[in-house]
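Below, each chain spelled out in residue letters.
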Amino acid sequence: MNVFIIKLSMQKRNESRMMRSRRLHAQKKVLFWLGSSWRKKILPKPVSNAIWKRANDVLSCEEHERQISSDTSPFEQNIKIPDGCRVRMGGLWLVELFPSSLSDTLLKQLDKSGWDGVHAYALNRNPNSEKAREARTKENIGWWRLGHDVDKGFRGFAPNAVFLDLPHGFESVEYNAIQIGSSLTVISAFFSPTEEMRTKLDAEWHAEHEPILLKQRGKRPRALSRRESDIHATQLARNEAYEKARNWLERRCKGFFSRNELKTPAADLLLFEGFDPTEETMGKDYRDAGRALGLDSTFHWISTEMPNLAAIPLDDRHSDFDFIGIVGNIENAIKPIAKHLSLYGNNEERAIAYHYAKHVQDILLQICMVNYSKYMLELYAKRRDVACREYKRHSLKKTEGLRFEMLTDSLDIKEASHDAAMLWEITWRQWNGLEDLRLAESPELRSKNGNQSNSEVDLLRKFKNVANRNFKLLLERDSTYRDILATASSIGADIASERLSRVAIIVALISLVVAIATLCSPLIHANG
């Protein structure tokens, strides 16, 4: 009986799918007929564009129906995962930057955070705002603990933590801060995932997804096959964790990246079982499985201080590495710190995350400085273009705002260009950061080259050169930009002043007419 019901439901589903395919095919023929030949010439352009937009949508829907009914092509089948291969998310780090212009904002946010309770039993019990103010005056170069947010449903031991409704999937967030020179304060947040979040990425990775029709606002719908749906769902699960963490950090500590609607530098920890991404390749049959987790990068970032782990940028085709993955095999990664396992409650994932947290934070500091200098170049150029293009529309209020932006950005750049250089000094590297970070070939690239590794690139030197070049360009262009913006704001102010004087003259003339009419009205009534 059950078999009969299943067959009947499958038959109805196939009939429904055939009906949809016929309707889509009929729509396509009608739309193609309306949008071609002499009909195209007599129809208004907006109508013609709407017809072809709908035709493209129908083509995507038709492709989607075809993918549902067919899986014969290897490119349309679900991705294959190696037997016994599992992945767990060990944690997520984000960093936020506060230059001099945001120092007051930082101090206010620290006072409102409620984190000062973590210092109840410390030698220095000053509030975080006082510690931050002291660090900025003394150019402190050490990490210090800011606070601890814990979800209200957390059942572990969290003394003096702030209990809040954290985003679903995270049980706690730990905050640390470091001062770079006297002008740059960086806050790091480590998000500890729940057991559900730790396994969610693996569940999506192993699940067999059906074809989907991906709809995006303002764009043509995209038909994803089973293979593409698997990759999309896995990457979406990873990105979902990042977006939740980013939104929470913006709520608690809104700094430079959040205020300018930029991606906050982040890194997640992916620990594998049955596979070591730092030494092994999945093979040609499992290439899409690695791609779904972002393991298809040509190069890895490695360091002698992070043995058996590697950092992989999510997208190594661009110069701004917003999101990187710290990957490794859990059995190999725990070996160097196995003797310290008891200090972390015999939890291997927690031990790896906390032991190498300082090193991950330093990598994010490098990315933070490079991206900050790059974004400031773009921001300067945009403000210059806007000032040159729209100076006639500047009101007095806009002019004052423009002058304030010129002043704050100029001060930030001059101080940041000097203080950021501390990241690559020997003293800093010995006490706060990695002493080496190298760009090496991935295992897949080494296998293609016959396991002959080429020379490695010093990433610390590369980051230093990129940041120094960007800051040098900013300093050279700062005076030019300020002259352009000052001239534009001056012209805009003159135009606004002239416009105001015209209004004043018109008001005076109207007042004069009213006064004359008032004086003449008794004479008119007397003569009448």
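Residue numbering note: each chain is counted from 1, following its sequence as written. Owing to the predicted nature of the model, reporting of local features is limited to residues with pLDDT of at least 70; listing and counting of side-chain atom pairs is limited to 80 or more, with chain, interface and lining totals taken over all residues. Hydrogens and waters are ignored; side-chain quantities use all the structure's heavy atoms.

Participant: What's the story with the overall build of the protein in this structure? I'm lost.
Facilitator: The way it works is that DSSP assigns letters per residue, a run of H or I at least four long becomes a helix, a run of E at least two long becomes a strand, and they are numbered from the N terminus. Within the protein one finds 16 helices and 13 strands. Note on classification: 1.4 Å probe, protein chains only; a residue is buried when its accessible area is under 20% of the maximum for its type, exposed when over 50%, partly exposed between these limits. Counting across all 528 residues of the protein, residues that qualify as buried make up 45%. Roughly 28,700 Å² of accessible area belongs to the protein as shown, and the carbon and sulfur atoms make up 54% of that amount. The Shrake-Rupley method, run with a 1.4 Å probe sphere, supplies the accessible areas, and residue values consider only the shown protein chains as cover.

Participant: I keep staring at the nonpolar core and nothing clicks. Help me out?
Facilitator: Inside soluble globular proteins, nonpolar side chains tend to come together where they are buried. Of all hydrophobic cores here, the largest spans 112 residues; its most connected members are Trp205, Phe272, Trp301, Ile324 and Ile352. Ranked by residue count, the leading element in this core is helix H12 (residues 357–389), at 15 residues. If sequence neighbours within four positions are ignored, tryptophan 301 has contacts with Ala310, Ala311, Pro313, Phe321, Ile324, Ile363, Ile367, Leu437, Arg438, Leu439, Leu459 and Phe463. We call a set of buried residues a nonpolar core when its members are Ala, Val, Leu, Ile, Met, Phe, Trp, Tyr or Cys and they connect through side-chain atoms within 4.5 Å of each other. The next biggest cluster of nonpolar side chains, apart from the first, holds 6 residues, and it includes Leu31, Ile51, Val58 and Cys61. Only heavy atoms matter for contacts: two residues are in contact if any of them lie within 4.5 Å across the pair.

Participant: Just checking my understanding: could you explain the side chain of asparagine 470 for this structure?
Facilitator: Assignment of secondary structure puts asparagine 470 in helix H16 (residues 459–527). Among the polar contacts made by the side chain of asparagine 470, one reaches the side chain of serine 373 at a distance of 3.1 Å. With residues up to four places along the chain from it excluded, the contact list for asparagine 470 reads Val370, Ser373, Lys374 and Leu377. Polar contact is defined as a pair of N or O atoms within 3.5 Å, subject to the rule that within protein one atom must be able to donate a hydrogen and the other to accept it, and that residues adjacent in sequence are counted only when both atoms are side-chain atoms.

Participant: Please clarify how the pattern of salt bridges should be interpreted in this entry.
Facilitator: Side chains carrying opposite charge are able to pair once their charged atoms draw close together. We define a salt bridge as a side-chain nitrogen of Lys or Arg found within 4 Å of a carboxyl oxygen belonging to Asp or Glu. Under the criterion given, the structure shown has 21 salt bridges. The closest approach of N and O atoms between glutamate 378 and lysine 374, which form a salt bridge, is 2.9 Å. One end of the pair is glutamate 378 and the other is lysine 374, both in helix H12 and 4 residues apart, which spans about a single turn. Here the salt bridges do not stand alone but share partners, grouping Arg88, Glu195, Arg198 and Glu349 into one network.

Participant: Can you walk me through helix H3 (residues 45–69) in this structure?
Facilitator: For an α-helix the count is 3.6 residues per turn, leaving residues at separations of three or four pointing the same way. To estimate how far a helix should extend, the number of its residues minus one is multiplied by 1.5 Å. Spanning 25 residues, H3 covers 37 Å between terminal C-alpha atoms, matching the ideal 36 Å at 1.5 Å per step. All of the buried residues in H3 are Ser48, Ile51, Ala55, Asp57, Val58, Ser60, Cys61, His64, Glu65 and Gln67.

Participant: Got a minute to help me understand the packing of aromatic side chains in this structure?
Facilitator: Geometry of an aromatic ring pair is reported as the spacing of the ring centres plus the angle between the planes. Each pair of aromatic rings taken from Phe, Tyr and Trp, with Trp reduced to its six-membered ring, is defined by centres within 6.5 Å and is described as stacked if the planes are under 30 degrees apart, edge-to-face if over 60, and tilted in the remaining cases. Applying the stated criterion to the full structure yields 13 aromatic pairs. On the basis of an interplanar angle of 70° and a centroid distance of 5.3 Å, the ring pair of phenylalanine 190 and tyrosine 354 is categorised as edge-to-face. On the criterion of sequence distance, the pair formed by phenylalanine 190 in strand E5 (residues 184–193) and tyrosine 354 in helix H11 (residues 348–355) is long-range, its members being 164 residues apart. Taking the relative accessible area as the measure of exposure, phenylalanine 190 reaches 7% and is therefore buried. Taken together, a centroid distance of 5.8 Å and an interplanar angle of 80° make the contact between phenylalanine 272 and phenylalanine 275 edge-to-face. Grouping residues by exposure puts phenylalanine 272 and phenylalanine 275 together as buried.

Participant: What exactly am I supposed to notice about the packing of helix H4 (residues 103–113) against helix H5 (residues 128–138) here?
Facilitator: Each pair of packed helices can be described by the angle between their axes along with the distance between the axes. Two numbers describe how H4 lies on H5: the axes approach to 8 Å, and their chain directions differ by 150°. For the element pair H4 / H5, the angle class is roughly antiparallel. Residues Ser103, Leu107, Leu110 and Asp111 of H4 pack against Asn128, Ser129, Ala132, Arg133 and Arg136 of H5. Per-class residue counts for the contact of H4 with H5 are 3 nonpolar, 3 polar and 3 charged. In this analysis, axes come from line fits to C-alpha atoms, helices being fitted only over the stretch in contact, and the angle between any two N-to-C directions falls in the range 0 to 180 degrees. In this scheme, roughly parallel covers angles under 35 degrees and roughly antiparallel covers those over 145, while 65 to 115 is roughly perpendicular and the rest are oblique. Charged means Asp, Glu, Lys or Arg here, nonpolar means Ala, Val, Leu, Ile, Met, Phe, Trp, Tyr, Cys or Pro, and polar covers whatever is left, Gly included.

Participant: Could you clarify how one ought to interpret the side chain of aspartate 57 in this entry?
Facilitator: Topologically, aspartate 57 is positioned in helix H3. A residue is classified by how much of its surface remains accessible, and aspartate 57, at 13% relative accessible area, is buried. With sequence-adjacent residues up to four places away left out, aspartate 57 is seen in contact with Arg220 and Pro221.

Participant: Would you mind going over a nonpolar patch on the surface with me for this structure?
Facilitator: Together, Ile505, Leu509, Leu512 and Ile516 line one region of the surface with nonpolar side chains, adding up to about 390 Å² of accessible area. Leucine 512 gets classed as partly exposed once you look at its relative accessible area, which sits at 49%. Patch members must show over 30% relative accessible area and no salt bridge, and they are joined within 9 Å when carrying like charges or within 5 Å when they are nonpolar side chains of Val, Leu, Ile, Met, Phe, Trp or Tyr.

Participant: What's the story with the pairing of E5 in this structure? I'm lost.
Facilitator: Each regular strand shows side chains that alternate between the opposite faces of the sheet. A large share of E5 lies buried, amounting to 10 of its 10 residues. Burial along E5 is two-sided: the face carrying Leu184, Val186, Ser188, Phe190 and Ser192 and the face carrying Thr185, Ile187, Ala189, Phe191 and Pro193 are both buried. When DSSP locates at least two bridges between a pair of strands, those strands are taken to pair. In terms of strand pairing, strand E1 (residues 86–98) meets E5 through 7 bridges, oriented antiparallel. Bridging across to E5, tryptophan 93 finds its partner in phenylalanine 190. Sheet analysis places strand E4 (residues 170–180) next to E5, joined by 10 bridges and oriented antiparallel. The residue of E5 that forms the bridge with isoleucine 178 is valine 186. The antiparallel hairpin formed by E4 and E5 contains 3 residues in its connecting segment, where glycine 181 sits at a positive phi of about 70°.

Participant: I'm lost on unusual backbone geometry in this one. Help?
Facilitator: What is expected of a backbone is that most residues other than glycine have negative phi and most peptide bonds are trans. Positioned with a positive phi, glutamate 261 is a non-glycine residue whose angle comes to about 55°. Looking at the secondary structure, you find glutamate 261 in the loop between helix H8 (256–259) and strand E8 (266–273). When its relative accessible area of 72% is taken as the criterion, glutamate 261 is described as exposed.

Participant: Please explain H11 as it appears in this structure.
Facilitator: Three or more residues of H11 are buried, namely Glu349, Ala351, Ile352 and Ala353. The distance from a side-chain oxygen at the start of H11 to the backbone nitrogen of glutamate 349 is 3.2 Å, and the residue carrying that oxygen is asparagine 347.

Participant: Looking at this structure, I do not really get the pairing of strand E11 (residues 323–329). What am I missing?
Facilitator: In terms of burial, E11 is a largely internal element, 7 of the 7 residues being buried. Neither face of E11 is open: one carries Phe323, Gly325, Val327 and Asn329, the other Ile324, Ile326 and Gly328, and all of them are buried. Pairing geometry for E8 and E11, over 7 bridges, is parallel. Following the sheet pairing, alanine 267 is matched in E11 by isoleucine 324. Pairing of strand E10 (residues 310–313) with E11, which is carried by 4 bridges, proceeds in the antiparallel orientation. Counterpart to proline 313 in the pairing with E11 is isoleucine 324.

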